[in-house]
Amino acid sequence: MSLKRLMMRQRRGLGPSLATFLRDCWRSWSMMLWFGALSMGLSSGTRASRTKEVDAFTSRLLDIHSKILETNKTEDIRLGLHRSDYMLDAEANLLFQIELNTISSSFPGLSCLVSELHRNLINHYGKDLELDSRRVPGNTAVSRYAEALAKAWNEYNNSSAVVMVVVQTEEHNMYDQHWLCTLLREIHGVASVRKTLAEIDAEGQVLPDGNLLVGGQTVAVVYFRAGYSPNDYPSQSEWRARLLMEQSNAIKCPSISYHLVGTKKIQQELAKPNVLERFLENEDDIAKLRKCFAGLWNLENADAVKSAMERPEFFVLKPQREGGGNNIYGDNIRETLIRLQQDGSEQAAAYILMQRIFPKASLAYLVRKGICRQDHAISELGIYGAYLRNKDKAIMNDQCGYLMRTKVSSSNEGGVAAGFAVLDSIYLT
Ligand code: ADP
Ligand code: MG
């Protein structure tokens, strides 16, 4: 692993109550996702259907979703391995949600190793640095994710079935995935296989009883670490594989509806007045969630568009994409908005505008590819969560651990794999 940070810096504002706050927040999100996928079914959302008209990639995902809806297929066992990302806004002193990932939430493995590394370094050098390793909270992301996958596998109830990890053809984050699969095997005795979408198309079939067979092995759980980006679908073969898996009775992590719930458009729709109320009853839960929402607007909102044109530095323009490197900032926002207006309004439905969050920058040491540099840096906190349900029985619904990513404050984007940030740890003060 070439990404690590050597020293901790004290982060004011991230007090010990953080864990409680985030646990509460996570529970609400999980409940909401459940109700979101179940009752909203996405197809009822008019915004979702407009997105369908203009964004070819989301449109194909929605096509698969519609096909599955038409067959009245029930999804008894549902597994979600999610990560909700936050930034601490310096002025509001509040954690605002950046996005909710419902597919391929990465780094449960490496984030735990980095926390261990930091604790270890502090144990060795903490006296000189006046740091205490007990203030780095334990990170259980990888073991809890392995537990969730094993519990799902158990619900499927076929001892010879495997967990199938869907991977990219050129996988750069394989060690994170291998670490998770190693725990799955060593702690829970569950075997896993790694397949690309093209391999699944070539080797996969759905038997009359609904079982998914890939390379002759029955698949209990399909764990997606690919399939969230148009680049993952270079031909019809990959799309066939996605549909095949969805048609089977294997547990999909995530199912197509869960995948779609994580789109930025849905995030923006949920932030509208009275929308959360459709999915949650408890007023406290609603209030806690709403407090995490930054300003989010669609491009039909003329006031928001006008403000973004005048002061683009206070906004982020986001297309319906995942995986880093797609967002639009600064003067490019103005140019893109003008272009979208000229092209006609249909295309604009695929974008959302978001209030830009400004975390407090502090001096940090960042190590990438063995080279250490000192710079002003800001951090993004991800909270992992697992949700497992079999019919009416909720089996797991909990926060699982954290991911701290730190990047130089002058960089707009934040992905580690995308090359913008480094892995980090929390230090409670
Ligand atoms: P992706 O699906 O590509 O990960 P994100 O919404 O997480 O999309 O945005 C990518 C990165 O851009 C984030 O990790 C964060 O560093 C930065 N970012 C996104 N939204 C905001 C925002 N509202 N304010 C400040 N930075 C943001
Ligand atoms: Mg992100």
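To keep things clear, this report deals only with the structure shown in the data block. Bear in mind that the values here come from a model prediction, so they are computed numbers and not experimental data. Here, residues in each chain are numbered from 1, in the same order as that chain's written sequence. Labels are handed out in written order, letters beginning with A for the chains and numbers beginning with 1 for the ligands. Only residues with pLDDT of at least 70 get local features here, since the model is predicted, and only at 80 or more are side-chain atom pairs given and counted; chain-wide, interface and lining totals rely on the full set of residues. Excluded from the side-chain calculations are hydrogens and water; all other atoms, namely the structure's heavy atoms, are used.

Throughout, the term near means that a residue has one or more heavy atoms lying within 4 Å of the molecule or strand in question. Around ligand 1 lies a shell of 21 residues, among which K264, K318, G324, I357 and E380 are the nearest. In the model, an oxygen atom of ligand 1 is placed 2.6 Å from a nitrogen or oxygen of the K318 side chain. We call two N or O atoms a polar contact when they sit within 3.5 Å, provided that within protein one can donate a hydrogen and the other can accept it, with sequence-adjacent residues counted only if both atoms are side-chain atoms. Residue Y329 places a side-chain N or O atom 2.9 Å away from an oxygen atom belonging to ligand 1. Calculation of accessible area relied on Shrake-Rupley with a 1.4 Å probe; when residues are assessed, cover is drawn exclusively from the protein chains displayed. Out of a free accessible area of 540 Å², ligand 1 has 96% covered by protein chains. In DSSP terms, a helix is any run of H or I states spanning at least four residues, a strand is any run of E spanning at least two, and both are numbered starting from the N terminus. Secondary structure elements with two or more residues in the shell around ligand 1: β3 (94–101), β11 (315–319) and β12 (351–355). By the convention adopted, Pro, Cys, Tyr, Trp, Phe, Met, Ile, Leu, Val and Ala count as nonpolar, Lys, Arg, Asp and Glu as charged, and the other residues, Gly among them, as polar. In terms of residue class, the shell around ligand 1 is built from six nonpolar, six polar and nine charged.

Quick look at the environment of A250 now. Following the sequence through the fold, A250 ends up in the loop between α8 (236–247) and β9 (251–253). Residues are treated as being in contact if the distance between any of their heavy atoms lies within 4.5 Å. If we skip the residues at most four places from it in the chain, A250 touches E75, Y156, L212, V219, A220 and V222.

Moving on, we get to the pattern of salt bridges. Pairing is possible between side chains that carry opposite charge, provided their charged atoms lie close to one another. A side-chain nitrogen of Lys or Arg and a carboxyl oxygen of Asp or Glu constitute a salt bridge if their distance falls within 4 Å. Summed over the entire model, instances satisfying the criterion amount to 24 salt bridges. For E75, the salt bridge goes to K252, with nearest N and O atoms at 3.4 Å. Taken together, the positions of E75 in the loop between α3 (56–70) and β2 (77–89) and K252 in strand β9 put the pair 177 residues apart, joining distant regions of the chain. Of the two residues, E75 and K252, both sit in the buried class. A cluster of three or more residues bridged by salt bridges with shared partners is formed by R83, D85, E380 and R405. With a 1.4 Å probe rolled over the protein chains alone, any residue whose accessible area is under 20% of its type maximum counts as buried; one over 50% counts as exposed, and the rest are partly exposed.

Lines fitted to C-alpha atoms define the axes here, with helix axes fitted over just the stretch in contact, and angles between the N-to-C directions of these axes take values from 0 to 180 degrees. Where helix α5 (residues 141–156) contacts helix α6 (residues 174–188), the two axes come as close as 9 Å, and the packing angle between them is 60 degrees. Accordingly, the angle class assigned to the pair α5 and α6 is oblique. Viewed along their axes, α5 and α6 form a crossing whose handedness is right-handed. Residues V142, S143, Y145, A146, E147, L149 and A150 of α5 pack against W179, L180, L183, L184 and H188 of α6. Angle categories: roughly parallel below 35 degrees, roughly antiparallel above 145, roughly perpendicular from 65 to 115, and oblique for all the rest. Two helices that cross are described as forming a left-handed crossing if the nearer one is turned anticlockwise from the farther one by less than a right angle, and a right-handed crossing if clockwise.

Centres within 6.5 Å are what make two rings of Phe, Tyr or Trp a pair, Trp counting through its six-membered ring; a difference in plane orientation under 30 degrees is then read as stacked, over 60 as edge-to-face, and the rest as tilted. Inspection of the entire model under this criterion finds six aromatic pairs. Aromatic side chains Y233 and W239 sit 3.9 Å apart centroid to centroid with 20 degrees between the ring planes, which places their arrangement in the stacked category. For Y233, a relative accessible area of 7% gives the class buried. Ring geometry for W297 versus F315: centroids 5.6 Å apart, planes at 55 degrees, classification tilted. Taken together, the residues W297 in strand β10 (residues 296–298) and F315 in strand β11 connect sequence positions 18 residues apart. For W297, a relative accessible area of 26% translates into the label partly exposed. For F315, a relative accessible area of 8% corresponds to the buried category. Feature note: the residues F57, Y233 and W239 constitute an aromatic cluster, connected by ring pairs. When the ring centre of F224 is taken as reference, the NZ or CZ atom of R242 above it lies at 4.5 Å. Only when the NZ of Lys or the CZ of Arg is both within 6 Å of the ring centre and within 35 degrees of the ring normal is a charge said to sit over the ring.

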